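Breakdown of the fold
In case you want the letters, here they are:
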Amino acid sequence: MLVTLEGLDGSGKTTVWEALHDTYPDATFTREPTNSWYGDVVNRAIDDDDSDSLAELFLFIADHADHLERVVKPALRDGDLVISDRFSDSRYAYQGATLDGRIKRPMEYIRGVHQPFTVQPDVTIYLDVDPRTAMQRSGATNKFEQSKYLTKVQQNYEQLIEWQPERFVRVDATKSPEEVLDRVEDVFETILADE
Ligand code: TMP
């Protein structure tokens, strides 16, 4: 089973992902951008304020393609629980925002590029936080962590949830880290019991 964690920068998703290591020690924990050389290239693009938005999309997608073949698919074949800190929805939401105005219907376009080769998560936990809180928490250290931009990213996540409500579980991430983790662990208990 593939479970992904999504949300704005500062939603606390990485803290949750780290805490889940103790709860599910046998799970495969992974993340995007990855720690491969493809991920290094992606991180260069994130830190470059002038990188081309379309080129950047394809760098993220290259990292995703490698991640799928090297980590995600083999773990799923072994029957592992795979927990990924960000996955394809981050591209739909974030690059959907960077490409707004450059490409017609960017989210549909990006989903279309992924569709022939990606794996759809069984469950996506969306850590819901408003852009203001997200920015205050993340400290606005990279170009994606700007209020206007994050507002667009948030709208894109909402659109994704509207398209596939059955896949998403929304968790209020404005609560304390302990409360958020408790809620996420409840979600995991439910989905693993249903399996
Ligand atoms: P992180 O904060 O979860 O490490 O992600 C790094 C930044 O990259 C964050 O601002 C979100 C952004 N990002 C995208 O824009 N598209 C993607 O596909 C992924 C995985 C991350």
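Residues numbered from 1 in each chain as written. Predicted model: local features only at pLDDT ≥ 70, side-chain atom pairs only at ≥ 80, totals over all residues. Heavy atoms only, no water.

**Re the sheet that holds strand β2 (residues 28–31)**
The condition is simple: The pairing criterion is simple: DSSP has to find at least two bridges between the two strands. Helix numbering and strand numbering both begin at the N terminus, where a helix is a DSSP run of H or I of at least 4 residues and a strand a DSSP run of E of at least 2. For helices, the axis comes from a line fit to the C-alpha atoms of the stretch in contact; other axes are also lines fit to C-alpha atoms, and the angle between any two N-to-C directions lies between 0 and 180 degrees. Between two residues, a contact is recorded if the distance between any of their heavy atoms is within 4.5 Å.
Reading across the sheet, the five strands line up as β2-β3-β1-β4-β5 and stay open at both edges, with parallel pairing between neighbours. Edge positions in the open sheet fall to β2 and β5 (168–172), since each of these has one partner strand only. The sheet shows a mean angle of 20 degrees between the axes of neighbouring strands, taken without regard to direction. Where helix α8 (residues 177–194) meets the sheet, its contacts fall on β1 (2–7), β3 (82–85), β4 (123–128) and β5, and the angle it forms with β5 comes to roughly 155 degrees.

**A short note on the site of the ligand**
Going by this rule: Throughout, the term near means that a residue has one or more heavy atoms lying within 4 Å of the molecule or strand in question. Think of a polar contact as two N or O atoms within 3.5 Å of one another; within protein, one of them needs to be a possible hydrogen donor and the other a possible acceptor, and neighboring residues in sequence only count if both atoms come from side chains. Residue exposure ignores everything except the shown protein chains as possible cover, and the areas themselves are Shrake-Rupley values with a 1.4 Å probe. In this analysis the probe radius is 1.4 Å and the grid spacing 1 Å, with only protein atoms considered; a cavity is a set of points the probe fits into but cannot get out of, a pocket is an open set with protein on both sides within 12 Å along at least five of seven lines, and lining residues have an atom within 4 Å of a point. Pocket occupancy is defined atom-wise: a molecule lies in a cavity or pocket when more than half of its atoms are within 2 Å of its grid points.
Taken together, the neighbourhood of the ligand is formed by 14 residues, with D9, R31, R86, R91 and Q95 sitting nearest. At a separation of 2.7 Å, an oxygen atom of the ligand approaches a polar side-chain atom of R86. Burial of the ligand by the protein amounts to 89% of the accessible area it has alone, namely 470 Å². Applying the majority rule of atoms within 2 Å of the grid points places the ligand in the largest pocket. With four residues, the single largest contributor to the shell around the ligand is helix α4 (residues 88–98).

**Looking at the nonpolar core**
Definition in use: Side-chain atoms within 4.5 Å are what join buried Ala, Val, Leu, Ile, Met, Phe, Trp, Tyr and Cys residues into a set we call a nonpolar core. When accessible area is computed with a 1.4 Å probe and restricted to protein chains, residues below 20% of their type maximum are described as buried, those above 50% as exposed, and intermediate ones as partly exposed.
Counting residues in hydrophobic clusters, the biggest one holds 44 residues, and the most contacted among them are L20, I83, Y94, I125, V184 and F188. It is helix α7 (residues 147–163) that provides the largest number of residues to this core, a total of six residues. Setting aside chain neighbours within four positions, we find I83 in contact with V3, W17, L20, Y24, A27, T28, F29, T30 and F188. With seven residues, the next largest nonpolar core counts L68, A75, F87 and V119 among its residues.

**Here we look at a negative patch on the surface**
The cut-off we apply is this: A residue counts toward a patch only above 30% relative accessible area and without a salt bridge, and it is joined to like-charged neighbours within 9 Å or, for Val, Leu, Ile, Met, Phe, Trp and Tyr, to nonpolar neighbours within 5 Å. We count a salt bridge whenever a side-chain nitrogen from Lys or Arg sits within 4 Å of a carboxyl oxygen from Asp or Glu. We count Lys and Arg on the positive side and Asp and Glu on the negative side, and we leave His and both chain ends out. To locate a charge, take NZ of a lysine, CZ of an arginine, CG of an aspartate or CD of a glutamate.
On the surface, a cluster of negative charge is made up of E178, E179, D182, D186 and E189. Inspection of the secondary structure puts E189 in helix α8. A relative accessible area of 56% places E189 in the exposed class.

**With respect to the packing of aromatic side chains**
Centre distance and the angle of the planes are the two values used to describe a pair of aromatic rings. Basically, it comes down to this: In this scheme Phe, Tyr and Trp rings, the latter by its six-membered ring, pair at centre separations within 6.5 Å, and the angle between planes marks the pair as stacked below 30 degrees, edge-to-face above 60, and tilted otherwise.
Applying the stated rule across the entire model yields six aromatic pairs. Measuring from centroid to centroid gives 4.0 Å for W37 and Y38, while their planes differ by 25 degrees, and the two rings are stacked. Look at W37 and you get exposed, because its relative accessible area is 57%. Here Y38 falls in the partly exposed class, since its relative accessible area comes to 27%. Judged by centre distance (5.0 Å) and plane angle (40 degrees), the rings of Y126 and Y157 are tilted. Note that Y126 is positioned in strand β4 and Y157 in helix α7, a separation of 31 residues in sequence. Under the relative-accessibility criterion, Y126 is labelled buried at 0%. What links up through ring pairs into an aromatic cluster is the set Y94, Y126, Y149 and Y157.

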